[in-house]
Structures are given as structure tokens and as C-alpha cells.
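Reading the structure
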Amino acid sequence: MNSNNRKLRRTVLCMALGLGLASLAVPAAFAGSNDGSVVGHTAAGAVITVNNTATGFTRSVTADAKGNYRFPFLPVGTYTLESSKDGAPVGHPVNVTVSLGNATTVNVGAADNATALEAISVSGTILPGVDVSSTESATNVTREQLSRIPVDQNITSVAILAPGVNRGVAGFGGISFGGSSVAENSFYVNGLNVTDFYNRNGFSSAPFAFYQEFQVKTGGYSVEFGRTTGGVINAVTRSGTNDFHFGTEMTLEPGNWHSRADDHYRADGTRYITAGKDRDSLVKLNGYVSGPIVKDKLFFFAMYEARGATPRNTNDDGTVLTSNGSDTGFWGATIDWHVNDSNLLSAMAFSDKDKNVGDVYDYDYATDTIGSKTNEIYTDTGGKNWALTWTSYLTNDLSMKLMYGRNNRESFNRGLSDLECNRVATDGDIPLPGIGLGCTTNSAVSQRNDVRKQARADFEWTLGDHLLRFGYDSEKNTSDYDRYYPGPGAIYYNVYQAAPGSSIPNPSGGVVPAGYTGYVRARRYEISGTFETTNSAYYIEDNWQVTPNLLLNLGLRRDGFDNKTGDGDSYIKMENMIAPRLGFSWDMHGDGTTKLFGNLGRYYLPVANVINIKQAGGLLDERTYYAFDGWETRDRNGSPYAMPILGPQLGGVDVSQGDGSVGDLRSEVDHDMDQVYQDELILGFQQMLNDKWSWGVSGTYRRLHNAIDDMGITQTPCGPLLDSDGDPSTQWVMANPGSKVSIWGDTNCDGTPDGYVDIDTAKHGWAMYDSDGNYLGERGWVKPKRTYTAMEFQIDRAWDDKWAFNASYTLSWSRGNAEGPVNSDTNFDDTGRTENFDDPWVNFGGDGYLPNDRRHQIKLRGTYAITPQWQLGADLQILSGTPVTGFGSGNPYDATSYHSYYICVQNCGFIPGEVDADGDPVPYPSEQRVYERSPRGKYGRTPWSYDLGASISWQKPIGTDGRIKAKFAVYNLLNSQRTLGVNQDLQTSISDSTSDTFGEGIRFQSPRFAQLTVSLDF
């Protein structure tokens, strides 16, 4: 083979890699959050032009003295690229695909007189080509790729295609990236941040038919992105072109296409989870139209989707059935104006408002009989969202993008019975009365309106071998909030099993009296107000092409967070959070086929709005404990229900979490609080074996620093805190556990707050007492920690209109003593207000594997075209289980009764034969109790889970431009209903016994269901 032919083959392969962009785990290059870019080499001084024939958009730049050129901020789509010098063509025109968030590398007629390239067309692939201009890690998936494989129509299903990304393991769902909790991610649509900022678990979303492409950033992302220590989901919507198109798509999921979920029984035959009568049913029909308003200038895309969802479900007792109905439609639209070849204006708007009505009926599980209607529950969610983006190519080397947008999210929950009926629940151990508990299934009356106003400016400036990217973004996030429990007194009753003599988790103490087998927590919870948070950031990044084969990425981001009270004053304000990021990409052979890359970066996590609301908003959280004296049957409109009979009150009323007033926040917030941030290191290797096969391996290390959480301070340098009666008192403080805390207090010990008091909470801050109230000394908190270590292996065979294959294996370890701002193992989703640091003993001895630790993750997917019309698709995910911990209550060091990693094994109840002056049994003193450590993961892991999806699709052209397509997909084909989560409360009180329900499955795989999608496009 002669040298010219070798050069041609090498250059063609390099281009093929650059064009294979829509790929899983391809490191994303330097592009905006709703567009892409084209970069490469040609003859020095040549004029390179890209043209999108679908829209008429044309842009030209001049290559520099080294032949380098760049097109930033290009709308996603297909372009023709050509190069010319002195009026003569350099090479031949090339078809280029611009993918979301990626840089397509195209070298045309290189300066060393390499043979010019013919036009090349490379199909998109699920897994990687090699992008030597990138130091990030991401997953790109397009509409076309999703149509070939069985992926359910929700964003979570797209995200978990990426290695190291999984569904949350708790009842509140969410997505876990690289061992992080579900409350640490961000989601963008056309550059608009639509993340739920109230508790950071969830986001505004649109139907699949509205999106053009998704990008899932799993790590190493550039300084353009921040406010996350998990991952980023980035999406771009569809747009119009010069050709008119219209179409419709129908999705059907009839109830009888859903397999029955399993009911679950205890060893004695008692059914504790009733799911066998639950049914889901869904139908969606959307229509769209797109085209030019003014040819080559102004385009539109508009879509409306009518949706009908009618799921029904029973309560776990099988005594109540709720039939839901939701039929609110979705609308969305985009408008793109090509003002000229140097200026673009884009507008995007959509509404994901939804209204659900739940009709609640009495129900007899044994006879499958629906009784009288008892309630209606109304749930409103979603809102209107819009963004306006101006892109300007100011010069050959300088480009700008400006965006302003608004994200609305409503959450409104209420029921007809809210005035009359209290909610009642149990821990599962208490014998049930055989009728419904309480007369409502509504857990809260709550209304929240969240409004985000976002503005950002992004710039790219090419200076020789340096590409400078810099910008600013700002968000104003406002929550209008109101919440309370339904029923008389706004009280929620929880009933727990506990043996006589057991100490209950009441800060003021309390012991279950003789003759009782449980206790009742009567909780009143009320809060309202308007709360605002502002987030802002500056960033700058230098992408330095040190040599033709070596790229360095040097970035710096400065964040600032300001969470405010209901009065508008700063509550938690943190500035000058400097996040450096450093990356490199080495084109090892100089031909774009083999790359070694790495990055090291820091990422900061903002404080969720729920923190402002609950501590700076006058929260009333009143908890009163009573002995449980059995069940009382009551009647409402002919329907019987059970209410707990309250025995004697146990201990005092606990208002430590909020007494309804806003105190002096200087004494409730650490004055010198440190931010929560994560450091991340990634090193990877990628190689293209030929124009279809590629493989890669990467290693990731993440370390989370600090936590911001509520801590119960009971001692200062002046001694233990006491109330006006001289009894021990608790000051709740938002702070960094295990670090120095500075709060407003008494500096000279005269009883009058007069300045800031410093407490090193690694050693001090918690006063210890025995069961008689005798002071035992002082204790501090352990420092929170979390590390994630992973190796990821991937291999991919790109789609070539015949078949494609994708495989990944992730071996990972997630260790520490703090999962993050939520607790999945105890199902606690109050972001930033976990139980972990309420007192030093909750997290003491809590080192180990964390709830999102999955040692092994295997993901396989592929497509095979039987004929040009028929395609088979499959998706298999095999995951190892998560750790099972046996949580106790109490500790060997003081009389505190609360969640802990210790269980009481001896002298936990009453002293045999001893009674007090009233003749009541006397419990053992706390100092005589014997405890045993119950570390994380002591009780093994949940079982491995297997989820196989399969699809068959058929398509046929209609006329010149039309197409009909049908896809039938079955999810969880094998109907595996493995246990995903178990009850991890081994002891719920300090007791001689353990919980009979410990280790019971409480969350399971969703049963098999089928989905038919039929689309017609013209």
C-alpha cells in the first residue's frame, strides 16, 4: 500500500470516529448545554463553511496559520462542511453530524498535503468513537437510537443506560450517579435548569416525542456546569426546518398488559404488602407540526400530547382502594430565527402541568369487592417553562450565547376529608384491626409553588493554540410553601411496637409502661411562607493545544449560594467557592484512533430550599408520645375505620425540631459554615479497533467533603445547656458536623448571649447524661465522609443499518458514614435535614458500604435488523444487591434513645422484681445496659436483580417523505420481582427484643408490562 493510500485510510478512520458521536460514555467536548461544535484541521488560511441544508443556516470561518478551525455553538443537526483556499476547493464536501454537547472533529485536506477526503456517512452508535478533543465523560442518546431498543418513555430509563448510573434504592426514587445520593443531580432542557430546587430530587420534564437528544454527564464535566456532586442530564428539543412535517404518535399500555405484582406475606401467613390488585393503565396520543414560517430564516415546531393515566392501587392492608385518573395534556413549542449567518434567536416553551384525582373506596381484598367511596384526593403538579437564547458569532474567533428562562413547578395535594380525618400508620409490627386505619390516605395537605428565574452568558474566544471559554450564570429560586397534616388538630398518628420497659426515641425521655406493647407518636406539623435562594457563578476555561496530539483543559469556577428567610434576610450565605478543574487528552498515535485522557475537578453542592423553609420559616413540629392502648372503631359515612387509643403520655412534648417560631438565626446557623463539595479524579483509555468496533476502560475516584445538616448542640464552653427549669436543653444548629461551629451565644458565661461561641464539634457540643439525669461528660461528632471508587469497562459495535451491540461492566465501591443529603436506608428524604447528625451516636460506628453501593453492574443492549423493515432490540441490566444494615436505638455511652449502629442485648427492659413508689416496674439504668455494635452491611445484601427488556419494531415508507412505524416492547420480560429494599430497623426502641419485621422486603422490581408505540410521520 502506498503512503498516500495509508494516509487516506488513516484520515478516513479519524473522520469516522469524529462522526460517530451519538454515543454512550463518549467524553463530551467543549460545547454549550443545548448545542455542539465542529473542530479540526485544514490548509492554513483556508475558508471552511458549514451549511445545514435543512434550515439554510450557513457559517464560515478562516483557518489559522496552523490550519486549525472551530465552529462553536452550532445547533444540533446534520451539516455539509467544505474547505477552499484561493478559490480552489481543499478536499471534498463532507457530511457532519453535530451532537449535543460534543465536538465533531473533521480534518479536511490537511496542511501536509494528505489526500483529500471523499464524503463520508457514518451512522450514529450507542457506544463510543474516540473524541480526542475531549476530557469529559458523558452518554449521548438520540431519538433514533431510542427507537431501536426497549427503553421506557421516561428520563430515568435513559439515564441508567450509562455505566455507574442507577435508580435510587429508597421509596422516594430518583437517580444515583457514581455512588451519590439522588438529591445531588441537575437536569437541563435547552440550557434551562429544570431541577427541583426544593429538595433536589426530581425535575420538570416533557414527553419523549418532544426531545431530539439526551446527554448524560457522569463525571469530569467542564466548569460550565456546577451545583451538583452527582450527575447532569442534558436534553435538547426538536426544531423545525425548511420542510413542513407533521405526524402523530400513540402509546398504549393497557392494564391487562401489566402482570400482577406479588403480594407479600410473613412467616405466620399475615399479608403485609397488598399489591396483587394494583393496576396501571396508560394511553398517550400526540401530534406535531413543524416547518418554516419564513424559508431559511424562521422555523417552528409545535406539539400537543393528550394523556390518560388510570392506575389503581390498594393500601397494604387491602382495606382501601384508590382509583386514579389523570388526563391533563402536554404542550410544547420551539421557534428558531436565523436573523443572519452571525446571529440566531431561539425560543422554547412547554407545560408539564398535570392534575390527578384519586377516588378512595372501602375495599375487601378477600372478595375483591369495592365498597362505598370515602374520599377524593387531588394532586396538581408541574407548570409552565420557557427559555429564550441568543447566539452571536461576533468575529471569526469570538462567539457569545445569552439565555434567559423561567422554570415553574407546582405541588398541591389535598383531599375532601382533610377537615375530618387524621392519617394513621404503623411500623408493621403492631397487630392490625382488620379495617382501615384512620379515615384518610392523604398524608399531608401541602401546596408549594417553585419558580426559578435563570440568566446566563457564555463566550468562546480562540487565541492561537488556546480556546478560552468563560461566562456567568445566575438563578433566583423562590418557594411559596404551605403544609400541615389533615384531620382534627392537624395530627398524624404513628403506632410502633415496643415491649414494656422499652425506652422510646423521645428527647425528653419516656418508657413504655407495664401492660402495654407499643406507643403512639402524635405529630403536629405546620409551616408556611415564601422563601428565596439565589445562586450565581463565574467560570473561565482554557483549552490549550500544547502539541498537535496533547490537549490540556484548565478551568476555574466560582460559585455563590444565598439561602434566605421568609423575611428576605440571608440565612445561609456562602461565597467564593472556587472549583478548579484540570483535564488532558492525549491522541496517542496522532490519528484519532487511540486516546488516553483524565481529569481532576472539584464540584460544589447548593443548599436545597427545604432547609430555608423548615428552619427559617417558623416550623412547628410538635411530637407527643403515648402508650398504645389498642384500637377504637369509628364510623364515617357508613365506613368503619380504626383509630389508636391513647394511653398515658410518655415523657414531655418534643418541639426540638421546631416550636413554630423563628428564633435568633445567628444561634441556629454556623457563622463560618464550610461548603459541601466533592473532588473527583478520572483516568481513562479509549481505542477504535476499526470503523465499527471500539472499546474503553476508565477509573473513577470521588470523595465528598463535609455535610450541612442539623445538629443538636447541648453543651457550649460554658457548660451544658439548660432550660428555665434547669433541665437539659437542645439548640438545633445547621452546621458542618465534626468541624468547628461558630454560633451566637454566651461568651462570658453570665447567661446572656453576647457574641459568637466557637465549638469544635469533633470533640465537644454534646452533653451526656445517664438515665437518672446525672451529667457524664461531653462528646463530639464523627466527621462525615463518602468515597466512590470504580472501574468501568466498555465495548461497542456501532450501528450500520444491520446490527449494533453495547456492553459495559462497572466494578465499584461506595464507602463512608454519610450517603449524602438524604438517607435511603431509613427512607428519609428531607434533603439536608437527615437523622445522621442529630446527636453524636446516630452516626457513631457507621463506617461501611453505603446504601447506593452496588459492587457489580452489567449492562448489555443491542439491535438486529432482520430486514430493512423489521428490527429486534434488547436491553439487559444485571445488578448486584445493596447493603443491609440492622439499625438499633440507643448507645453504650449515655441514655439517648435514637437511631444508631448499636442494639441492646442485655438489661434493656425492666429490673426483675423491682417497682417504684407507684408500684410500676423499674427499667434498668442506661449504664447497666449491654450493647452490641451493628455495623453497616452486617446482614448481607439484597439479592441480585435482573431486568431484561425486548422489542420488535416495523417500519415502512409512505409516499416520498412519509413513514409508519410500530414498536412493541416488553419490559422486565422474565417478570422478575426481586427484592430491592428491606426493612432495616432491627430495634425501634431500647428493648430486649428485636423487630419481627426486620429484613422484610419493602420495595420490589416492578412487574412485567408491555407497551405499543405507533407513529406516523410525513
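Residues numbered from 1 in each chain as written. Predicted model: local features only at pLDDT ≥ 70, side-chain atom pairs only at ≥ 80, totals over all residues. Heavy atoms only, no water.

**Brief notes about the overall build of the protein**
- Scanning the protein from N- to C-terminus turns up four helices and 63 strands.
- Structurally, the protein occupies a C-alpha span of about 105 × 70 × 50 Å along its principal axes.
- When burial is assessed residue by residue, the protein has 58% of its 1018 residues classed as buried.
- For the protein, restricting intrachain contacts to residue pairs at least 6 apart in sequence, the fraction spanning at least 24 positions comes to 72%.
- Approximately 37,900 Å² of the protein is accessible, and the part contributed by carbon and sulfur atoms is 54%.
- The average position of the 85 basic charges and that of the 118 acidic charges among the side chains of the protein differ by 9 Å. (Helix = DSSP H or I, 4+ residues; strand = E, 2+ residues; numbered from the N terminus. Buried < 20%, exposed > 50% of the residue type's maximum accessible area, 1.4 Å probe, protein only. Contact = heavy atoms within 4.5 Å. Areas by Shrake-Rupley, 256 points an atom, 1.4 Å probe, with all protein chains shown as cover. Lys, Arg positive; Asp, Glu negative; His and termini not counted. Charge placed at Lys NZ, Arg CZ, Asp CG, Glu CD.)

**Digging into the pattern of salt bridges**
- Counted under the stated rule, the structure contains 44 salt bridges.
- Note that Arg797 is salt-bridged to Asp800, the shortest N-O span being 2.9 Å.
- Owing to a relative accessible area of 8%, Arg797 belongs among the buried residues under this scheme.
- Residue Asp800 is classed as partly exposed on the basis of its relative accessible area of 27%.
- Because the salt bridges share partners, they merge into one network encompassing Arg227, Arg452, Asp473, Glu475, Arg557 and Asp559. (Salt bridge = Lys/Arg side-chain N within 4 Å of Asp/Glu carboxyl O.)

**Regarding the sheet that holds strand β2 (residues 47-52)**
- Spatially, four strands are ordered β3-β2-β5-β6 in an open sheet, and the strand pairing comes out antiparallel. Two strands in the sheet have a free side with no partner beyond their single neighbour: β3 (57-62) and β6 (88-98). Each strand axis lies, on average, 20° off the axis of its neighbour in the sheet, ignoring direction. (Pairing = 2+ DSSP bridges. Axes fitted to C-alpha atoms, helices over the stretch in contact; angles between N-to-C directions.)

**Let's talk about the sheet that holds strand β13 (residues 211-219)**
- Strands sit in the order β8-β13-β14-β11-β12 across an open sheet of five strands; the sheet is mixed. Only two strands of the sheet have a single neighbouring strand rather than two, namely β8 (137-142) and β12 (192-193).
- With two bridges joining them, strand β11 (residues 186-189) and β12 adopt antiparallel strand pairing. Counted as the bridge partner of Val189 is Leu192 from β12.

**Comments concerning the state of the cysteines**
- What the rule picks out here adds up to three disulfides.
- Disulfide pairing is shown between Cys421 and Cys439; the S-S distance is 2.0 Å. Its torsion about the S-S bond being -115°, the disulfide of Cys421 and Cys439 is classed as left-handed. Here Cys421 is found in the loop between β27 (398-415) and β28 (423-426), whereas its partner Cys439 is found in the loop between β28 and β29 (445-463), with 18 residues between them in sequence. You'll find Cys421 and Cys439 in the same group, each marked buried.
- Between the sulfur of Cys904 and that of Cys908 lies a disulfide, 1.9 Å long from S to S. Classification of the bridge connecting Cys904 and Cys908 rests on its S-S torsion, roughly -100°, and on that basis the disulfide is left-handed.
- Of the residues examined, Cys908 reaches a relative accessible area of 1% and is grouped as buried.
- Counting only the cysteines that take part in disulfides, in the order they occur along the protein, gives the pairing 1-2, 3-4, 5-6. (Disulfide = S-S within 2.5 Å.)

**Quick look at unusual backbone geometry**
- The phi angle at Arg227 is positive, at roughly 60°, despite the residue not being glycine.
- Within the secondary structure, Arg227 sits in the loop between β13 and β14 (232-237).
- Within the chain, Asn637 stands out as a residue other than glycine whose phi angle is a positive 55°.
- Relative to the helices and strands, Asn637 is located in the loop between β36 (620-636) and β37 (639-649).

**What about helix α4 (residues 609-616)?**
- For α4, the buried fraction is high: eight of the eight residues fall into the buried class.
- For α4, every residue scored as buried is listed here: Asn609, Val610, Ile611, Asn612, Ile613, Lys614, Gln615 and Ala616.
- Of the surrounding elements, those touching the buried residues of α4 are β30 (466-484), β32 (518-547), β33 (550-564), β34 (570-587) and β43 (731-735).
- Note on α4: the residue one or two positions beyond its end, Gly618, has a positive phi of about 70°.

**Some points on a nonpolar patch on the surface**
- Residues Trp257, Trp803, Tyr864, Ile866, Trp870, Leu872, Ile952 and Phe968 make up a contiguous nonpolar surface patch of about 690 Å² in total accessible area.
- Position of Tyr864 among the secondary structure elements: in strand β51 (residues 856-865). (Patch = residues over 30% accessible without salt bridge, like charges linked within 9 Å, V, L, I, M, F, W, Y side chains within 5 Å.)

**Let's talk about the environment of Arg148**
- Following the sequence through the fold, Arg148 ends up in the loop between α2 (143-146) and α3 (155-159).
- When the C-alpha positions of Arg148 and Asp280 are compared, they lie 25 Å apart, and in sequence the two are 132 residues distant.

**Side note on the environment of Gly886**
- Tracing the backbone shows Gly886 in the loop between β52 (870-879) and β53 (888-889).
- By relative accessible area, which is 0% here, Gly886 ends up buried.
- Gly886 sits 406 residues away from Asp480 along the chain, and the two C-alpha atoms are 39 Å apart.
- With residues near it in sequence (within four places) discarded, Gly886 still touches Ile903, Ser934, Tyr939, Gln984, Leu986 and Phe998.

**Overview of the environment of Val38**
- Topologically, Val38 is positioned in strand β1 (residues 36-41).
- Sequence-wise, Val38 and Trp337 are 299 residues apart; in three dimensions their C-alpha atoms are separated by 21 Å.
- If we skip the residues at most four places from it in the chain, Val38 touches Tyr69, Arg70, Phe71, Leu74, Leu81, Val96, Val98, Thr104 and Val106.

**Things to note about the packing of aromatic side chains**
- All chains considered together, the criterion is met by 40 aromatic pairs.
- Of the aromatic side chains, those joined through ring pairs into one cluster are Phe208, Phe210, Tyr211, Phe214, Tyr288, Phe301, Phe330 and Phe350.
- The cationic tip of Arg238 hangs over the ring face of Tyr288; the distance from NZ or CZ to the ring centre is 4.4 Å.
- Taking NZ or CZ as reference, Arg448 lies 4.0 Å from the ring centre of Tyr198, over its face. (Phe/Tyr/Trp six-rings, centres within 6.5 Å; stacked < 30°, edge-to-face > 60°. Lys NZ or Arg CZ within 6 Å of the ring centre and 35° of its normal.)

**Details of the side chain of Asp825**
- Of note, Asp825 is situated in the loop between β49 (803-816) and β50 (848-849).
- If near-sequence neighbours (up to four positions away) are discounted, Asp825 is found in contact with Glu819, Pro851, Phe887, Arg936 and Gln984.

**Some details on the nonpolar core**
- Counting 34 residues, the largest nonpolar core has Leu146, Phe187, Tyr211 and Phe214 as the members making the most contacts within it.
- For Leu146, the contacting residues outside a window of four places in its chain are Val141, Val151, Val158, Leu161, Phe208, Phe214 and Lys967.
- Formed by 31 residues, the second largest nonpolar core is a distinct cluster that contains Tyr485, Leu605, Val676 and Tyr677. (Core = buried A, V, L, I, M, F, W, Y, C linked by side-chain atoms within 4.5 Å.)

**Some details on the pairing of strand β4 (residues 68-74)**
- Across the seven residues that make up β4, a large majority, six, are buried.
- The pairing of β1 with β4 spans five bridges and is antiparallel. Pairing of Gly36 across the sheet is with Leu74, part of β4.

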